[in-house]
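Working through the structure, step by step
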Amino acid sequence: MKIKELMDRVLFALSVPKCTCCKSKLDYGQKALCLKCSSVFEDFKSRNCSLCAKPLDKCSCSNEFLRAHYVRRVIKCYRYLDRKEASAGNTLIYSLKRDNRQDVLDACADLLCKAISNSVDNPADCVFINVPRRKSAIVKYGIDQSALLAKEVAKRFGARYIPLLASKAKLAQKSLETADRFKNAQFYITKNIDLTGKRVIIVDDIITTGASVGKAAALVRSLGCKDITAAALAIAYKDS
Ligand SMILES: [Zn+2]
Ligand SMILES: [Zn+2]
């Protein structure tokens with residue numbers, strides 16, 4: 001056994017990682033979900049988009065609201081649903097938001113990279129940014145999960161990641177109705193960057209109504225980019 005693998009195994013054992021869904025102890029090499037929960041998750045996420053009939057991770061359908069906010073494509077891996085069979089996917093997102101676990105980030109990046117590769121030509125040429133987390137949430141959890149995900153995905157494609165936006169939202173989006181979410185999602189540009197002619201991919205963990213991604217897209221567009229794609233692990237809105 002190589003020293004690196006030995007170290008990895010020791011670190012893995014010390015960290016005592018648990019399945020994000022059923023909380024059973026993971027075996028070495030498993031990321032985020034145990035075998036049983038992964039297999040339920042595989043069945044669940046193989047559902048098709050009701051608009052284009054493709055599996056969700058091969059579909060890039062946007063919706064009317066997001067198209068009106070310059071988001072031409074929406075890449076997603078699965079659907080966020082308040083149902084038992086959806087709990088593996090849901091807990092993956094909860095853990096990504098709170099736990100700062102490398103195996104969870106890896107599992108999420110695996111899913112998102114695959115879905116992006118299915119729908120975007122030459123992702124290496126795209127610029128990756130993220131929908132920013134509220135400052136008070138970053139302080140509370142110590143991480144901006146969408147920033148970590150965007151950075152990891154960009155790294156794997158050999159593409160550029162820019163921490164371009166920051167949030168000045170006062171309230172958590174989940175506490176609000178759709179119309180109020182759009183008002184509450186207040187972001188600002190932190191860097192003076194020219195994106196003329198660039199294709200931009202805006203990464204978020206979940207697109208619930210599209211209000212946050214829509215606001216982010218409008219700001220990014222003001223920097224001259226030619227094409228905006230949103231990429232999230234899950235969508236919570238209805239297709240049609
Ligand atoms: Zn499990
Ligand atoms: Zn579709």
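Use the structure listed above.
First, a word on what this report is: a plain description of the structure on this page. (Residues numbered from 1 in each chain as written. Chains lettered and ligands numbered in written order. Predicted model: local features only at pLDDT ≥ 70, side-chain atom pairs only at ≥ 80, totals over all residues. Heavy atoms only, no water.)

**With respect to the side chain of R133**
Following the sequence through the fold, R133 ends up in the loop between β2 (127-130) and α6 (135-141). In this structure R133 is buried but unpaired, with D144 as the nearest side chain of opposite charge at 5.8 Å. In this structure the side chain of R133 is engaged in a polar contact, spanning 2.9 Å, whose partner is the backbone oxygen of K97. Sequence-distant contacts of R133, that is, excluding residues within four places in its chain, are made with K97, I138, Y141, I143, D144, Q145 and S167. (Helix = DSSP H or I, 4+ residues; strand = E, 2+ residues; numbered from the N terminus. Buried < 20%, exposed > 50% of the residue type's maximum accessible area, 1.4 Å probe, protein only. Lys, Arg positive; Asp, Glu negative; His and termini not counted. Salt bridge = Lys/Arg side-chain N within 4 Å of Asp/Glu carboxyl O. Polar contact = N/O pair within 3.5 Å; in protein donor to acceptor, adjacent residues only side chain to side chain. Contact = heavy atoms within 4.5 Å.)

**Some thoughts on the coordination of the zinc ion (ligand 2)**
Those donors, C49 (SG), C52 (SG), C59 (SG) and C61 (SG), are the protein atoms that reach the zinc ion (ligand 2), and they lie 2.3 to 2.4 Å from it. One way to put it: the 4 donor atoms around the zinc ion (ligand 2) meet at angles of 102 to 114 degrees, and that makes the site tetrahedral. Binding-site remark: the zinc ion (ligand 2) is held by donors from one chain whose sequence spacing is C-x2-C-x6-C-x1-C. Note that C49 is positioned in the loop between α2 (35-45) and α3 (64-68) and C61 in the loop between α2 and α3, a separation of 12 residues in sequence. Accessibility classification places C49 together with C61 in one group, the buried group. (Donors = N, O, S within 2.8 Å, 3.2 Å for Na, K, Ca; no water. Tetrahedral: all angles 85-135°; square planar, octahedral: opposite > 155°, others 65-115°.)

**Topic: the packing of aromatic side chains**
This model, assessed by the stated rule, comprises 3 aromatic pairs. Consider the rings of Y80 and Y94, whose centres lie 6.4 Å apart with planes at 75 degrees: the pair is edge-to-face. Of this pair, Y80 sits in the loop between β1 (73-79) and α4 (87-98) while Y94 sits in helix α4, and the two are 14 residues apart along the sequence. Assessed through its relative accessible area of 24%, Y80 is described here as partly exposed. By relative accessible area, which is 32% here, Y94 ends up partly exposed. (Phe/Tyr/Trp six-rings, centres within 6.5 Å; stacked < 30°, edge-to-face > 60°.)

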